[in-house]
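Architecture at a glance
Spelled out from the first residue to the last, the chains are:
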Amino acid sequence: RRNTMIEYNHGKPELICDICGHTEDGFDTFKEAVDFKKENNWRSKKNMDGEWEEICPVCWLGGK
């Protein structure tokens, strides 16, 4: 689907969960998005095709 762990929309970074589609935006810099990920239990992992996937805390912890 994509090759980067954080996607850009109109020049601004955003997080999109590759499982449920939940989106977090409002970041001005890549570092802000990374810091948010760390502070809010988002995970990044490579799939079988070697592409990065973002996983929100709800999906990572296995429940909604």
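This is a predicted model, so every value here is computed, not measured.

**Considering the pattern of salt bridges**
Close approach of charged atoms lets side chains of opposite charge pair. All chains considered together, the criterion is met by 4 salt bridges. Among the salt bridges present, the one from aspartate 35 reaches lysine 31, with a minimum N-O distance of 2.8 Å. Taken together, the residues span about one helical turn, with aspartate 35 and lysine 31 both in helix H1 (residues 30-39) at a distance of 4 residues. Across the salt bridge formed by glutamate 53 and lysine 45, the nearest N and O atoms sit 3.9 Å from each other. Relative accessible area serves as the criterion here: at 23%, glutamate 53 is assigned to the partly exposed category. Judged by relative accessible area, which is 37%, lysine 45 ranks as partly exposed.

**Focus: the environment of proline 13**
Inspection of the secondary structure assignment puts proline 13 in strand E2 (residues 12-16). Judged by its relative accessible area of 2%, proline 13 falls in the buried class. When the C-alpha atoms of proline 13 and aspartate 28 are compared, they prove to be 6.9 Å apart, with 15 residues separating the residues in sequence. Excluding residues within four positions of it along the chain, proline 13 makes contact with Ile6, Glu7, Tyr8, Asp25, Phe27, Asp28, Thr29, Phe30 and Ala33.

About the criteria used
Residues numbered from 1 in each chain as written. Predicted model: local features only at pLDDT ≥ 70, side-chain atom pairs only at ≥ 80, totals over all residues. Heavy atoms only, no water. Salt bridge = Lys/Arg side-chain N within 4 Å of Asp/Glu carboxyl O. Helix = DSSP H or I, 4+ residues; strand = E, 2+ residues; numbered from the N terminus. Buried < 20%, exposed > 50% of the residue type's maximum accessible area, 1.4 Å probe, protein only. Contact = heavy atoms within 4.5 Å.

Any link to function would need more than the numbers given here.
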